[in-house]
Amino acid sequence: MAFLYSVLLASFFFLLMGQYQRRKKNRNTATDPPPSSASRSVVETMRANDKNCVVFYGSQTGTAEIFASRLAKEGSQRFGLRTMLADLGEYDYDDLRALPPDTLAFFILATYGEGEPTDNAVNFYDTLQELADEDNPLSSMRYVVFGLGNDNYANYNAVARKVDARLASLGATRASKVGEGNDATGMMEDHFMAWKEEAWMEIREHYELEESAAMYHPHLAITESPSAINDSIYLGELNKSQLEGRQDGPFSSQNPFLATIVESRELFQQKDRNCLHVEIDIASSGMRYETGDHVAIWPVNPGKEVDCILQVFGLKEKRNTVIDIQSLDPTVKNPIPTPTTYDAAFRYYLDICAPVSRQLLTSLAHFAPDEDTKSELHRLGKDKDAFHQEIISKYYSTGYFLQSITNKCFYNVPFSLLLENIARLQPRFYSISSSAQTQPRQLSITTIVDSVQVLGSQRTFKGLTTNYLYALKCAQNKELAHDDLNYDIGGPRTKYCDFKIPIYVRHSNFRLPSDTSRPIIMVGPGTGIAPFRAFIQERVNISLRNAHVGESLLFFGCRNRRDDFLYEEELTKWESDPRNRLRVIVAFSRETEKKVYVQHKLHESAVLVNQLVDQGAYIYICGDGARMAREVKAELGHIIAEQRGMAREEGDGVIKSMKDQGRYQEDVW
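Residues numbered from 1 in each chain as written. Predicted model: local features only at pLDDT ≥ 70, side-chain atom pairs only at ≥ 80, totals over all residues. Heavy atoms only, no water.

Asker: Please clarify how the nonpolar core should be interpreted in this entry.
Answerer: A general tendency of soluble globular proteins is for nonpolar side chains to be buried together. Within the largest apolar cluster, 85 residues are counted, with the highest numbers of intra-cluster contacts made by Phe-313 and Phe-346. Per element, the largest residue contribution to this core is seven residues, and it comes from helix 15 (residues 464-476). Both of domain 2 (220-244 + 302-421) and domain 3 (257-299 + 427-506) provide at least three residues apiece to this core. Sequence-distant contacts of Phe-313, defined by excluding residues within four places in its chain, comprise Leu-364, Thr-398, Leu-402, Phe-410, Tyr-411, Val-413 and Leu-418. (Core = buried A, V, L, I, M, F, W, Y, C linked by side-chain atoms within 4.5 Å. Buried < 20%, exposed > 50% of the residue type's maximum accessible area, 1.4 Å probe, protein only. Helix = DSSP H or I, 4+ residues; strand = E, 2+ residues; numbered from the N terminus. Domains from an automatic or database assignment. Contact = heavy atoms within 4.5 Å.)

What follows is the structure, encoded as structure tokens:
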């Protein structure tokens, strides 16, 4: 039971907070210019604004940005530093050597993909590697690094570790030890909070800083406008082009394309879960994808959650009030489009379904409606064990948690505090389950609709994006939805009508071998089959042109044939055609008394697996990174060792060598 609880807890953080090493980067992502001037020089910007401390962040899901913002505020308000918050993607770094003497720099860095920097950190990361080592060019910098990662991945916190080592080699002085947060434990914020306190104490001692009592001082000014909503007000549009009703490419994370869902159907439906297949039209976008890529989808917060948080903060009657947001620091950009409304902020821009944070609870305590609530918020903000037991294990978002402890409204909470502490709503990434050769103008995804019963409660946690897609499916097929989440399917100003969703294609290194005669081994239980459906589609398409394809061996896993054997008809049809050279081996975990998983089927097929590896096969793994991917990798090492009469360590070495050669690839979460 304890193990099950741990798995559910880790899963909760994965579903809500996103992952830090999940997908590959797209180095062509557009970024906005620095907020304070046209200059992309971080040195010039610091000098122009009289800053002596800079907090850089490389963020993909928004968590690193939130952590960096906290550090910047603490530096200025608690220790009197002149801090600057800096998105790594908004500056160039050719003049780093010209930093003012004794500059203090924080680097809050998420690791993504296979040990890669986030989209906005690529330019900084590359520049750092290219700087010449001679004469200690960064000797004027004192720095601190905190990494956000997930130890289910081989390159855990690789970016933070590499940046730390590189800064030191360039002459910079480490002001405190490197901190590492592990998302796999569900305790990322705990790791960050413990690290930052230790780091601040060392920094305080070195710089002889005086510490002040923590008080809230806003970085943003919020002004309510008496004007009515008009065409210049952002009501959920993600950028100016969308506001003006245009779709101007190229499309990226900063400029998503409003794509139409042309088909949405359930692959299976059970009492506790269901699975969607969604087809998305990209014909008019100019976007191109390759087989193995991912698609990013922006969700919309459900109306039920929006109503809850508006009620909690006493804003329900003011939901459509126009607000203007202005930064009080010229180096800090506005977190969301402005002007907007309270409703739009909560519905489209802020991740209000994410788990409430300990830091936010502590901040809210100062504005609690009564002493009992204040005391409770302080207790949970300070006691990490109580916080996890009483909040995280119950899947509480900010709104629902505050409703659970008091029926009074938090009228006095500055809206700026919420903007500064709740992450921006980010897209979720899905493996594309169609072949770019077979359907270049349309892509598909395959996803389980996330729904978890809260232990000891009548509440059910609903995954944000998958339930949004489910709501769209029900509306498109004129079906009755089995929940009351109340998504605004029409979108801002009905711009999402006709079942449109904001997307962009994110390129991946998860690729079929360029030599089509090479064998491939695919291991993908559940929706891990998504990219392999695309791989098989592509190879079938190649074989139809009478081109030679190597053997394709798929290990798929599900509960039983009757309920959740995804794409069974397609796979059976493709397997029956000898030209395709496809073999499908299925592990049904619940058809026998003893559970059978894909790693067991791999073991049964050890001779064939080893033969294909000898023939130059590529191995692909997609699915759960916490257990399945590790156990499959271990089993493959065992197979190689056993079949070749090697020591176990040598078998593992063969797999490592294949990984180094690009012949062993993972797309896991």
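Asker: Mind showing me how you'd approach the pairing of strand 1 (residues 53-58) here?
Answerer: Two faces make up the sheet, and in a regular strand the side chains alternate between them. Burial within strand 1 is extensive, with six of its six residues counted as buried. With burial as the criterion, each face of strand 1 is covered, one bearing Cys-53, Val-55 and Tyr-57 and the other bearing Val-54, Phe-56 and Gly-58. Here strand 1 pairs with strand 2 (residues 83-87) via five bridges, running parallel. Within strand 2, the residue paired with Val-55 across the bridge is Leu-85. Here six bridges tie strand 1 to strand 3 (residues 103-112), and the two strands are oriented parallel to one another. (Pairing = 2+ DSSP bridges.)

Asker: Teacher, can you tell me more about the pattern of salt bridges here?
Answerer: Proximity of charged atoms lets side chains of opposite charge pair with each other. This model, assessed by the stated rule, comprises 47 salt bridges. The closest approach of N and O atoms between Asp-119 and Arg-506, which form a salt bridge, is 2.6 Å. Of this pair, Asp-119 sits in the loop between strand 4 (116-117) and helix 4 (122-130) while Arg-506 sits in strand 18 (residues 500-506), and the two are 387 residues apart along the sequence. Each member of the pair, Asp-119 as well as Arg-506, carries the same accessibility label: buried. Overlapping salt bridges bring together Glu-74, Arg-78, Lys-196, Glu-197, Arg-204 and Glu-211 as one network. (Salt bridge = Lys/Arg side-chain N within 4 Å of Asp/Glu carboxyl O.)

Asker: Please explain helix 10 (residues 358-365) as it appears in this structure.
Answerer: Of all eight residues in helix 10, seven are buried, a share of seventy percent or more. Listed as buried for helix 10 are Arg-358, Gln-359, Leu-360, Leu-361, Ser-363, Leu-364 and Ala-365. Against helix 3 (63-77), helix 6 (188-207), helix 11 (371-382), helix 12 (384-390), helix 13 (398-405) and helix 14 (415-421) lie the buried residues of helix 10.

Asker: How should I be thinking about the state of the cysteines in this particular structure?
Answerer: In protein structure, a disulfide is the covalent linkage between the sulfur atoms of two cysteines. Applying the stated criterion to the full structure yields zero disulfides. With no disulfide of its own, Cys-409 lies 10 Å from the sulfur of Cys-308, the closest cysteine sulfur. Unpaired in terms of disulfides, Cys-497 finds its nearest cysteine sulfur in Cys-474, a separation of 19 Å. (Disulfide = S-S within 2.5 Å.)

Asker: Just checking my understanding: could you explain unusual backbone geometry for this structure?
Answerer: With the exception of glycine, the majority of residues adopt a negative phi angle, and the majority of peptide bonds are in the trans configuration. Note that the residue after Gly-249, namely Pro-250, is joined by a cis bond; omega there is 0 degrees. By secondary structure assignment, the location of Pro-250 is in the loop between helix 7 (240-243) and strand 9 (257-269). Going from Thr-338 to Pro-339, the amide bond is cis rather than trans, its omega being 0 degrees. Topologically, Pro-339 is positioned in the loop between strand 12 (322-327) and strand 13 (340-341). A positive phi angle, close to 60 degrees, is found at Asp-102, a residue other than glycine. Considering the arrangement of structural elements, one finds Asp-102 in the loop between strand 2 and strand 3. Residue Asp-102 is classed as partly exposed on the basis of its relative accessible area, which comes to 38%. Although it is not a glycine, Arg-581 adopts a positive phi angle of roughly 50 degrees.

Asker: Just checking my understanding: could you explain the packing of helix 16 (residues 530-544) against helix 18 (residues 568-576) for this structure?
Answerer: Geometrically, a packed helix pair is captured by the angle between its two axes and the distance between the axes. Where helix 16 meets helix 18, the closest approach of the two axes is 11 Å, and the angle between their N-to-C directions is 35 degrees. The way helix 16 lies across helix 18 gives a crossing that is left-handed. Across the interface between the two elements, Arg-533, Ile-536, Gln-537 and Val-540 of helix 16 pack against Glu-570, Leu-571 and Trp-574 of helix 18. A per-class count over the contact of helix 16 with helix 18 returns four nonpolar, one polar and two charged. (Axes fitted to C-alpha atoms, helices over the stretch in contact; angles between N-to-C directions. Left-handed = near helix turned anticlockwise from the far one by under 90°. Nonpolar A, V, L, I, M, F, W, Y, C, P; charged D, E, K, R; others polar.)

Asker: How should I be thinking about the packing of aromatic side chains in this particular structure?
Answerer: In this description, a pair of aromatic rings is defined by centroid distance and the angle of the planes. Summed over all chains, the structure comprises 32 aromatic pairs. Centre to centre, the rings of Phe-556 and Phe-565 are 5.6 Å apart; their planes meet at 20 degrees, and the pair counts as stacked. Phe-565 matches Phe-556 in its accessibility class, with the two residues each being buried. Within the aromatic cluster, the residues linked to one another by ring pairs are Phe-510, Phe-532, Phe-535, Tyr-618 and Tyr-620. Here the guanidinium or amino end of Arg-533 rests over the ring plane of Tyr-567, the centre of that ring lying 4.7 Å away. (Phe/Tyr/Trp six-rings, centres within 6.5 Å; stacked < 30°, edge-to-face > 60°. Lys NZ or Arg CZ within 6 Å of the ring centre and 35° of its normal.)

Asker: It is not clear to me how the UniProt feature "binding site: FAD" (unreviewed entry) in the protein chain should be interpreted in this structure. Could you clarify?
Answerer: UniProt records the feature "binding site: FAD" (unreviewed entry) for Arg-428, Phe-429, Tyr-430, Ser-431, Thr-446, Thr-447, Ile-448, Gly-463, Leu-464, Thr-465, Thr-466 and Trp-669 in the present numbering. Within the secondary structure layout, Phe-429 lies in strand 14 (residues 428-431). By relative accessible area, which is 6% here, Phe-429 ends up buried. On the accessibility criterion, Leu-464 (6% relative accessible area) is buried. Excluding its chain neighbours within four sequence positions, the residues that come into contact with Leu-464 are Pro-299, Val-300, Asn-301, Pro-302, Asp-351, Cys-353, Leu-425, Arg-428 and Tyr-487. (UniProt positions renumbered as here; feature names shortened; annotations may be inferred.)

Asker: Which parts of the structure should I look at to understand the UniProt feature "domain: FAD-binding FR-type" (unreviewed entry) in the protein chain?
Answerer: In the numbering adopted here, UniProt assigns the feature "domain: FAD-binding FR-type" (unreviewed entry) to residues 254-513. In the segment residues 254-513, helix accounts for 28% and strand for 22%; the C-alpha atoms at its two ends are 31 Å apart.

Asker: I keep staring at the domain arrangement of the protein chain and nothing clicks. Help me out?
Answerer: Think of interface size as the accessible area that goes away when the parts come together; that is how it is often given. When its domains are assigned, the protein chain resolves into domain 1 (42-207), domain 2 (220-244 + 302-421), domain 3 (257-299 + 427-506) and domain 4 (520-668). Computed from C-alpha atoms alone, the centre-to-centre distance between domain 2 and domain 3 is 26 Å. Listed as interface residues are 22 residues of domain 2 and, on the opposing side, 19 residues of domain 3. Counting the surface lost from both domain 2 and domain 3, the interface buries some 1,600 Å², and carbon and sulfur atoms represent 53% of this. The largest contributions to the domain 2 side of the interface with domain 3 come from Pro-302, Tyr-348 and Tyr-395, which together make up 33% of the buried area. Where Arg-493 meets Glu-237, a salt bridge forms, and the shortest distance between an N and an O atom there is 2.6 Å. Taken together, the links from domain 2 to domain 3 amount to 13 residue pairs in polar contact (both at pLDDT 80 or more). Among the secondary structure elements, those contributing two or more residues to the side of domain 2 that touches domain 3 are helix 7, helix 8 (303-312) and helix 9 (342-349). Of the residues that constitute the side of domain 2 that touches domain 3, the class distribution is ten nonpolar, five polar and seven charged. (Buried area = accessible area lost by both parts, 1.4 Å probe. Polar contact = N/O pair within 3.5 Å; in protein donor to acceptor, adjacent residues only side chain to side chain.)

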